[in-house]
Structures are given as C-alpha cells and as structure tokens.
Amino acid sequence: MRELGKLFVSQGFFQNVDDIFLLHYTEVERAFMDLLLGWSIGLASRGPAYWPTEIARRRQIMEQLRAWAPPPALGVVPEVIGDPAIIMLWGTTPERLRAWLSPDEGNLLRGFAAAPGVAEGPARVVLSVEELQDVRDGEILVCSVTEPSWAPCSRASAGWSPILVV
C-alpha cells in the first residue's frame, strides 16, 4: 500500500505516503483508475485537485477523534447478555458494564483479565501499538483492548505475562 501511496505522492494526489490509509478501499480503486485513465489518454488526472483537500479534511476529523474519549457504554445496562460469545471473548457482563459506568474511585483500576491466572507485579499501561515494545517480562500489560497478534509481546520466559483490559 505504501508503494502505491508513493505513486500517488509523485503524481500530486497526496502529500504523504500514508495518506492512502485515509481512503476507503473503493476510493483507492477510484483514485488509481483516475491516475491510470489520465496517463493513458494524456490528460491531467482529477486527483491532484480533489484529494489534497479531502485528505486535509479527514486528517482534521482524525485529530478530533483522537482528542475524544468515548464513554465505555451507551444506553441502559441490560439485565442479561444472552450472547455467550460476547461474554467469552470480551468478558462483557451486566456486572462489568455497571462497573465501567460507575464513578471513579480514586486510584482504582477496573478491567478484566485477558490472560489466565493470578499475578502481582508492576503494571505497564500501553496506549498504542508502538508502546508494546516497552513491555518487559514480569510486567502486567494494561491496555484498552488486545488481540491474538499481541501474544508475542506478552510471552514471558516462564509462560504468559498477564494482561488486564480496562
């Protein structure tokens, strides 16, 4: 994708190679067809006049979204969560939702274990994928979400490092 982004930068569609990631996959196809058709018939493509403004607008939206902290849940807490996958995969229960929605109690961290067992040790709060490299053996990884691809960073010499999702 970055190679394609470089092509778009060289043709004036984007200013930055990573701007391609601000497009929906259907827009990538449209931009590429615009570039291809302009090249094939010898006319200027529409992209340099259209995409820089659109990319700037989307960057502004992304900055506003990064500054926003969404609430942990919306609406009324259900009495029962009937989907076992939601409980099994994310630990989402009515009790957990009520705990997330309750007011902060000082220096208390709430979450659910994303790895088996009980552990005690220093906590490493990870706010972005880039910070995963800072996790050391014996630390408890604290993050807002995790996924199977993060497993290598939680692998300790004597087994799994504990993970707490908050």
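Structure's up top.
Worth saying up front: this structure is predicted, and the values here are computed from it rather than measured.

Draft legend 1. Focus on the pattern of salt bridges. As enumerated under the stated definition, the model contains 9 salt bridges in all. Across the pair Arg30 and Glu27 runs a salt bridge, and its minimum N-O distance is 4.0 Å. Of this pair, Arg30 and Glu27 both sit in helix α2 (residues 25-41), 3 residues apart, roughly one helical turn. The buried category is assigned to Glu27, whose relative accessible area is 11%. A salt bridge links Arg58 to Glu54; its shortest N-O distance comes to 2.7 Å. One end of the pair, Arg58, and the other, Glu54, are both in helix α3 (residues 47-67), 4 residues apart, so they sit about a helical turn from each other. Accessibility classification places Arg58 together with Glu54 in one group, the buried group.

Draft legend 2. Quick look at the packing of helix α1 (residues 2-10) against α2. Between α1 and α2, the shortest axis-to-axis distance is 12 Å and the interhelical angle comes to 45 degrees. It follows from the interaxial angle that α1 and α2 lie oblique. α2 is crossed by α1, and the crossing has left-handed handedness. Two secondary-structure elements touch here, α1 through Leu4, Leu7 and Phe8 and α2 through Val28, Ala31, Phe32 and Leu35.

Draft legend 3. Spatial organisation of the packing of aromatic side chains. Taken as a whole and judged by the stated rule, the model has 3 aromatic pairs. Ring geometry for Phe8 against Phe13: centres 5.2 Å apart, planes inclined by 35 degrees, an arrangement best described as tilted. No difference in accessibility class separates Phe8 from Phe13, as the two residues are buried. Taken together, the aromatic side chains of Phe8, Phe13 and Phe14 make up a single cluster linked through ring pairs.

Cut-offs used in this document
- Residues numbered from 1 in each chain as written.
- Predicted model: local features only at pLDDT ≥ 70, side-chain atom pairs only at ≥ 80, totals over all residues.
- Heavy atoms only, no water.
- Salt bridge = Lys/Arg side-chain N within 4 Å of Asp/Glu carboxyl O.
- Helix = DSSP H or I, 4+ residues; strand = E, 2+ residues; numbered from the N terminus.
- Buried < 20%, exposed > 50% of the residue type's maximum accessible area, 1.4 Å probe, protein only.
- Axes fitted to C-alpha atoms, helices over the stretch in contact; angles between N-to-C directions.
- Parallel < 35°, antiparallel > 145°, perpendicular 65-115°, else oblique.
- Left-handed = near helix turned anticlockwise from the far one by under 90°.
- Contact = heavy atoms within 4.5 Å.
- Phe/Tyr/Trp six-rings, centres within 6.5 Å; stacked < 30°, edge-to-face > 60°.

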